Amino acid sequence: MKTSHRALGAALAVLAMTALTSCGSGGEPAADGTVTLKFLVDNSQATVDTAKALTDAFMQANPTIKIETETRPGGSEGDNIVKTRLSTGDMSDVFWYNSGSLLQALNPSQTLVDLTGDPVLQHVQKDFLPVVTQAGKVYGVPAGTAMGGGILYNRKVYDKLGLKVPTTWDEFMANNEKIKAAGIAPVISTFKDTWTSQLFVLGDYYNVQAAVPNFAQDYTAGKAKFATTPAATAGFQHLADVHAKGYLNEGFGSATADQGMKLLVEGKGAHYPMLSAQVPPLVATMPQAATDVGFFGIPGTDPAKNGATVWEPAGVYIPKTTESLEAAKKFLAFVASPAAADAVNKAVQPAGPYRVEGAKLPDDAVQVAKDLQVYIDKGATAPALEFVSPVKGPSLEQITVAVGSGLTPPAEGAAQYDKDVEKQAKQLGLAGW
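Cut-offs and rules
Residues numbered from 1 in each chain as written. Predicted model: local features only at pLDDT ≥ 70, side-chain atom pairs only at ≥ 80, totals over all residues. Heavy atoms only, no water. Pairing = 2+ DSSP bridges. Helix = DSSP H or I, 4+ residues; strand = E, 2+ residues; numbered from the N terminus. Axes fitted to C-alpha atoms, helices over the stretch in contact; angles between N-to-C directions. Parallel < 35°, antiparallel > 145°, perpendicular 65-115°, else oblique. Left-handed = near helix turned anticlockwise from the far one by under 90°. Contact = heavy atoms within 4.5 Å. Nonpolar A, V, L, I, M, F, W, Y, C, P; charged D, E, K, R; others polar. Core = buried A, V, L, I, M, F, W, Y, C linked by side-chain atoms within 4.5 Å. Buried < 20%, exposed > 50% of the residue type's maximum accessible area, 1.4 Å probe, protein only. Salt bridge = Lys/Arg side-chain N within 4 Å of Asp/Glu carboxyl O.

An order of E2-E1-E3-E12-E6 is seen for the five strands of this open sheet, with the pairing classed as mixed. With partners counted over all chains shown, the strands left at the sheet margins are strand E2 (65-72) and strand E6 (140-143), one partner each. Direction aside, neighbouring strands of the sheet carry axes that sit 25 degrees apart on average. Two elements, strand E1 (residues 35-42) and E2, share eight bridges in a ladder whose sense is parallel. The residue of E2 that forms the bridge with Thr36 is Lys66.

See the structure below:
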């Protein structure tokens, strides 16, 4: 969900430093035996804080390796910096970048060190590996935490009304009816920030994959469509259902994401289709957000297959141009270790679970992270579609606003999105389009 990452990055970012273009590798050890690694990260505050926690802890345990962190902008400007530096051989020794389909654009087989079978990966959860893999080769380790895309809900409202977390869509709608009867907005929508309208569709991908395991592959090849795959059309239907039943908050068309989160935390709205990463930044000003807001995956039709869609963490990668490969691998092995998670926990409130075996959330982790951990422990997650397919049409958020506002029927919205996607797939030069 590029738009959501952009919006989330904007919310978290503190543009304290501009991108540094000088690089060079550590190469030979200095006279005192130390090796210097350069580490390129994006400049969002959460990433900068996480990188500092990682490098400080690593250098303390490895005094002969020094790490110098440099930052770049987020968004397309940052993407271009990464691609340019890789293509010119001027990339830092290690760098932080998206996992999933955006990784494919870096041409990893030509530019990145292959980590397949390397001890660096010994603690990495197997469910994460597909999003840093291309053509069967693994290129990165997880940086930071996963985040859930589904339903944030007010736990106090649920307790007050005696509701249980739903495992089917019908149960969810029955909960909404009881919430509406209690005079509380059942479902918060914030269409002023159009990117927020996409969660009922994008967060439903776990259910799509459960029903049609090959959907991502066939979708990328131009064989599967949203409008002709009932499980994929369901997300658009969800948008239409909650609007048609009158479950949305007043003024949903002009509400912002910040206003939506405030409604949720204050219990004036019960459910908000959203990313779990929206919660940690609120804790400083609304401490109750840490405990009063929970998370569940968008329910499907089969309670036995209940699960959640996950936005996977970014990756840390090594370019083939590094002259300090052994030290770089040592750093990646640390990044993907429980010790690294412990170090990060002291500096950054995690928005979700780590993708590292043995890494634990802190006792004071926000409830949404703990809830998502349960899905991960059960193996009941799927990466969001954008992590397993490069095809995402740029107009989805406008289409979902129209469907969620009752202006476009859901089947028509799905068909519009298929046309939107076709343009992008052709621009990417994908076979089958």
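We are not done yet, so read on.
Now for the packing of helix H11 (residues 230-244) against helix H19 (residues 410-428). Direction vectors running N to C along H11 and H19 enclose 135 degrees, while the axes themselves pass 8 Å from each other. As summarised for this structure, H11 and H19 are arranged oblique, according to the angle between their axes. Pair H11 / H19 crosses with right-handed handedness. Residues Thr233, Phe236, Gln237 and Ala240 of H11 form the contact with H19, whose participating residues are Pro410, Gly413, Ala414 and Tyr417. Looking at the contact of H11 with H19 residue by residue, the class counts come to five nonpolar, three polar and no charged.

Grouped together as the largest cluster of nonpolar side chains are 130 residues, with contacts concentrated most on Phe95, Leu152 and Phe226. Looking at this core element by element, the count peaks at six residues for helix H14 (residues 325-335). Not counting the four nearest positions on each side in its chain, Phe95 is found in contact with Phe39, Leu40, Val82, Leu86, Leu106, Leu112, Gly315, Val316, Tyr317 and Pro319.

What follows covers the side chain of His271. For His271, the location among the structural elements is in strand E9 (residues 269-275). What makes His271 buried here is its relative accessible area of 0%. Here His271 is in contact with Ile151, Leu152, Tyr153, Tyr158, Phe172, Asn176, Ile179, Pro186, Val187, Ile188, Leu264 and Phe296, once residues within four sequence places are set aside.

A few words now on the pattern of salt bridges. A complete count under the given rule lists 11 salt bridges for this structure. The partner of Lys38 in a salt bridge is Glu68, and the shortest N-O contact between them spans 3.3 Å. Of the two residues, Lys38 is situated in strand E1 and Glu68 in strand E2; the sequence distance between them amounts to 30 residues. What makes Glu68 partly exposed here is its relative accessible area of 32%. A salt bridge links Lys66 to Glu68; the nearest nitrogen and oxygen atoms lie 3.8 Å apart.

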